[in-house]
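# Descriptive structure summary
Letter by letter, the chains look like this.
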Amino acid sequence: MDMLKISQNEILCFNISGFSVFIAIWFYAISWLNSRLILLKKLGSFFLMTSLFFLTVALVFRGIALNFFPLTNLYESLIIFAWAVIAAYLFLEWKFKIDSFGWVVSAFLLMVFLYASWLPPSQKQIAPLVPALQSYWRTIHVPPLLMSYALFVIGAFSSIGYLFETKILNKSGDKARRDIRTTKEITNGVKINSYVREISEKAHFFDEVTYRCVTFGFPLLTIGIINGALWANHAWGALWQWDPKETMALVTWFIYAAYLHFRLNTKVSGNVLSLISLIGVAMVYLTYLGVNQFNFGGLHTYGKID
Amino acid sequence: MRAETSKKIKNLFKITYKAFLDEFSSVKLAITLFIFLAITTLIGTILSEEPMVGAAELVKKYGLEKYHLLKSLGLTDVFHSWWYLALLTALGINLIVASFKRVFPKWRIAFAWPIEIEESNIKKLPIHCEISLNKGLKTLEEKLKEKNYKTKINGKNLLAVKGGWHRLGASVTHVGILTLLIGCAITTLTGFNGMAQVAENEGFYLTDLGDKSVQLRSIEPENWLAPISKMPLWLGRIPSYLVKVNKTWRVDYESGQPKQWYSDLSVFDQNKKELFRKTIHVNEPLEFRGLDIYQSNWGKFSQISFNNETITLPLENFRGEDVVILPLGEDVGLKLKVVQRLESREQRAEKNLTSSAKGGPTSSGHLSALTSDVLELYSISNDGSKQKYLGRVEKNKKLQLGPMNIGYFGTQTLTGLQFKSNPGSILIYPGLFFIIAGVFIAFGSRKQIWAAVNESNKIVIGGNSDRAKGKFFQEFEEIVSKIVIE
Ligand code: HEM
């Protein structure tokens, strides 16, 4: 297959993928408004899966054209980030039965797609790599980071859900934490009693999804940063150089380390934890795109748009 | 009286010591430090840092007065300021004390049985129920075993636990961080690093030249000295190897951009015996007995002297010319341009053409054979738009230019090698591994289930999990529904 054909196929797959996300938004949104429409939610998941499939194919086409794992510029990085968000969301949806913010995640994904296609051609081109970047380290440094960013983003949406649930929907003014008791009847009159220390079960659920995202994301962030240090050591002979991208990743790491240690104290309120998760995701933004957009300088310039 | 005082002092010491341990073992302090470090690191990232952009740039940006103010506050170099170091040190102490006082003691929990509790307390657990079973606790035990719980029946009580090993995660992570810190300390105290620019068939010995960090290039092999940089307090040792460059070359893309730089290196001992040989390139260093050598850059360098001090400067390709640009002030600079004599320039162009067309290595050493190059001097404006010719220096000659004396001693292709010794790496790498392993181990939660047969011969079952509750509640409901149906 010649190059032109490959790049046409890649663009086609990318567009199908983006369009599937667009459709998923509507299915998820309607099923959110009326929780009895479970089929629509399933359709939403189906379209996200379709999107994931076509995105994977687009990446394969690009990988063939580059003869390398396609992670050489901002465009490819964004595609892999979108891939990670879809994969992480579908996994969490299946594992933890998330049913309330699929439409937010899909809408966010649409923004990522639009941003990626809006990038100037210089950021999209398939270009040869400079000596420092030709390394297998690249493929073990960046993907864990993108995956952790994706999880933190989903965690942040869940935190917003939490704050929405506790601040806006519960205007009772009752600030004190009290236990929510539930009694479930299973067969033959057997009752199971349980309680959670939250304002509502929904809030408890949001809190737990965020926690899950952070416990999945934090190790990945740690691995990404450490692999980055090892790579830098390999390429430049120095583990750590206080480069802005490195230091921003460190800021993010400190924030989520604080989150995990806060969590050890059962008295810390869910609101504080949600706020920390939101601050964390702001730091993720600064690390991923902000360092280059706001011109903090440094060695990691590949995301820069001139 | 004396004894009284010494007792008081001892007491005071004890109290202070205890207060110190209490304060520095607290997780609250850790969280505070994490947040402060996050904020200060963010500030350091946003503000331009002196080691990155240079003092001149900062003075230009802030003005002299503000610059001095910022500098005295440590804001021009946050990551090396005393208060940033203090925060890191505090985190380090906090980590060490807390690890021993709080984290490691908890590893026992990983293997411990739940503590037996009374029926009334079982009913206070986050999830609990009361059921009747024909075969009593046995049925429950079987189901729990199916779900991989470790179980124990003690008369009318049942204890079950699962996932205790997750509690080891925190210990493993903290061990990893401590190992990493010790490794970094060893590297700081005994490691070194440095740079050398070397031509083909030349080499370097590692030497300690004190504060002097400029490499001396010389014709006599005894004087091929590359200075190391190290900490002021240093307990390391400099190996007495000679590192020699047998050959160095570059490979280009078809477009002419550099694709890769290579250096074929040999390490010799004092008796000129070859110990090791390897061809390195970017991302493929030489590692030999604790000495690592990296390909860092590659290109043409000129030997230029300023007022009798000779230094090696890299030539940049600026608008098709080989130049060195030295900023002299706000908006003027000195441009040193290396010009080949006409006949040799043609020869070189021809040679380049044939070799890059093949895509093969462009050999380097020959450039130094071009003896007929000269250095032209220009003063230029900041943006390079205006320039004024000042004069020319023939090779191996000097020129007086106002207060400055400039000499030119030829241009050579050199390979830029970075070397370092990192003795702490034997701890740094395992430390990193433990951190990663620990964070993974810490992932799940320890789940405990209690059951007791009460007076009315019913079974009260309750459970708890130290972290995520939702998953555990699901599992609890599943177990109970299954045994009820059976
Ligand atoms: C500097 C002071 C620190 C203190 C006082 C501290 C304290 C603690 C304590 C008391 C625990 C609970 C142990 C247990 O329940 O078994 C813990 C868990 C943990 N710590 Fe630290 N820690 C510190 C630094 C760090 C750092 C720098 C990291 C970075 C990776 C870290 C990672 C963890 C992890 C991953 C856990 C397990 C969290 C969980 O179980 O959810 N800690 N820490």
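On a predicted model such as this, the values are computed, not experimentally measured, just so you know.

## Re the overall build of chain A
Scanning chain A from terminus to terminus reveals 9 helices and 2 strands. Taken from N to C terminus, the helices and strands of chain A fall in the order α-α-α-α-α-α-β-β-α-α-α. Taken over 306 residues, chain A has a buried fraction of 56%. If you take every contact in chain A between residues at least 6 apart in sequence, the share linking residues at least 24 apart comes to 75%. Accessible surface, chain A: about 13,700 Å² in total, of which carbon and sulfur atoms supply 68%.

## Here we look at the site of the ligand
Neighbouring residues of the ligand: 22 residues in total, closest A:His261, B:Leu91, B:Ala98, B:His174 and B:Arg467. With respect to the ligand, its neighbouring residues span chains A and B. At 2.7 Å from a nitrogen atom of the ligand is found a side-chain nitrogen or oxygen belonging to A:His261. Contacts to the ligand include B:His174, whose side-chain N or O atom sits 2.7 Å from a nitrogen atom.

## Concerning the coordination of the iron atom of the ligand
Of the protein atoms, only A:His261 (NE2) and B:His174 (NE2) coordinate the iron atom of the ligand, at distances of 2.0 to 2.1 Å. Coordination geometry of the iron atom of the ligand: the 6 donor atoms subtend angles of 82 to 178° at the metal centre, consistent with an arrangement described as octahedral. On the criterion of chain membership, the pair formed by A:His261 in helix H8 (residues 244–264) and B:His174 in helix H10 (residues 168–190) is interchain, its members lying in two chains. Of the residues examined, A:His261 reaches a relative accessible area of 21% and is grouped as partly exposed. Judged by its relative accessible area of 12%, B:His174 is buried.

## Here we look at the confidence of the model for chain B
The predicted model of chain B has a mean per-residue pLDDT of 82, with 90% of residues at 70 or higher. Scoring of the predicted complex yields 0.73 for pTM and 0.84 for ipTM.

## So, the side chain of A:Ser106
One can find A:Ser106 in helix H4 (residues 102–118). In contact with A:Ser106, not counting residues within four places along its chain, are A:Val21, A:Ala24, A:Ile25, A:Tyr28 and A:Leu48.

## Quick notes on the nonpolar core
Core analysis: the biggest nonpolar cluster contains 113 residues, and A:Leu48, A:Phe81, A:Tyr89, A:Phe101, A:Leu109, A:Leu146 and A:Tyr149 have the highest contact counts within it. Looking at which element gives the most residues to this core, the answer is helix H3 (residues 74–96) of chain A, with 16 residues.

The rules behind these values
- Residues numbered from 1 in each chain as written.
- Chains lettered and ligands numbered in written order.
- Predicted model: local features only at pLDDT ≥ 70, side-chain atom pairs only at ≥ 80, totals over all residues.
- Heavy atoms only, no water.
- Helix = DSSP H or I, 4+ residues; strand = E, 2+ residues; numbered from the N terminus.
- Buried < 20%, exposed > 50% of the residue type's maximum accessible area, 1.4 Å probe, protein only.
- Contact = heavy atoms within 4.5 Å.
- Areas by Shrake-Rupley, 256 points an atom, 1.4 Å probe, with all protein chains shown as cover.
- Near = heavy atom within 4 Å.
- Polar contact = N/O pair within 3.5 Å; in protein donor to acceptor, adjacent residues only side chain to side chain.
- Donors = N, O, S within 2.8 Å, 3.2 Å for Na, K, Ca; no water.
- Tetrahedral: all angles 85-135°; square planar, octahedral: opposite > 155°, others 65-115°.
- pLDDT = per-residue confidence, 0-100.
- Core = buried A, V, L, I, M, F, W, Y, C linked by side-chain atoms within 4.5 Å.

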